[in-house]
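Structural description and commentary
Listed below, chain by chain, are the residues.
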Amino acid sequence: MSLTDSNSSIKGVIITDKKLIQIYDNWQDKLDADEWYFSKSFEAISKDMSSEVAFNYIPEVVNVLLELDEDYLIWATLYFLMDLYRIAETTELHPALEKNWSVLREHIQKYEDSYSTPYQELRRLLRVKN
C-alpha cells in the first residue's frame, strides 16, 4: 500500500493516513502482544473525529480494503469502516464507496469470514440491496 500526498489534502488527514497504513505493518506481532491491537489502533485514529471528518475519511478506508489480501485484516477494517459511519451519523453511501461498491463486494467475496459477517453487517447498516 502506498500513501499519496496531495496539495488539496488537509494536513491532519495526511497524518491520519500514515497512521492507518502503519497499523498493518507487523500486525501479527502486534496482535500477538495485544489482542485489542486493531480496536485500539483504529480508535486512536477516529476518537477525535467530527462527523464530517469521519465521513470524508471513508474513501481512505475503502482504498485500504481494496488492497488487503488477508481475511482477518479485511474483517477488522470493515468494522472500522462501520465505526466511521456511526461517527458520521449517517447511512448515506459516500460517493467513493458507492462508486467502488461492486468492486469491493467482489474483492471481499474471496474471504469467507469477512464476507459472511462484517460485510453483511455493513450492507445492512447502509441499506444496500446487493
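This write-up is about the structure you can find in this document.

1. A word on the nonpolar core
Ranked by internal contacts, the top residues of the largest apolar core, which has 39 residues, are L20, Y24 and F38. Counting only elements with at least two residues in this core, the list comes to α1 (11–23), α2 (27–33), α3 (37–46), α4 (51–67), α5 (71–88), α6 (95–108) and α8 (118–125). When residues of this core are assigned to their parent elements, the largest contribution, ten residues, is made by α5. Once residues lying within four places of it in the same chain are set aside, the contact partners of F38 are I23, Y24, W27, L31, Y72, L73 and A76.

2. Some remarks on α5
Helix length check: α5, at 18 residues, gives a terminal C-alpha distance of 26 Å against a target of 26 Å (1.5 Å per residue), a fit within 8%. Of all the residues in α5, the buried ones are D71, L73, I74, A76, T77, L78, F80, L81, M82, L84, Y85 and A88. Once α5 ends, the next one or two residues include E89, with phi positive near 55 degrees.

3. Observations concerning the packing of α4 against α6
A packed helix pair is summarised by two numbers, namely the angle formed by the two axes and the spacing between the axes. Across the interface, α4 lies against α6 with an axial gap of 10 Å and an inter-helix angle of 20 degrees. Looking at the two axes, α4 sits roughly parallel to α6. As α4 packs across α6, the resulting crossing turns out to be left-handed. Contacts between α4 and α6 pair F55, I58, P59, V62, L65 and L66 from the former with P95, A96, L97, N100, V103, L104 and H107 from the latter. In the contact of α4 with α6, the residues fall into eleven nonpolar, two polar and no charged.

Calculation rules
- Residues numbered from 1 in each chain as written.
- Predicted model: local features only at pLDDT ≥ 70, side-chain atom pairs only at ≥ 80, totals over all residues.
- Heavy atoms only, no water.
- Core = buried A, V, L, I, M, F, W, Y, C linked by side-chain atoms within 4.5 Å.
- Buried < 20%, exposed > 50% of the residue type's maximum accessible area, 1.4 Å probe, protein only.
- Helix = DSSP H or I, 4+ residues; strand = E, 2+ residues; numbered from the N terminus.
- Contact = heavy atoms within 4.5 Å.
- Expected span 1.5 Å × (residues − 1).
- Axes fitted to C-alpha atoms, helices over the stretch in contact; angles between N-to-C directions.
- Parallel < 35°, antiparallel > 145°, perpendicular 65-115°, else oblique.
- Left-handed = near helix turned anticlockwise from the far one by under 90°.
- Nonpolar A, V, L, I, M, F, W, Y, C, P; charged D, E, K, R; others polar.

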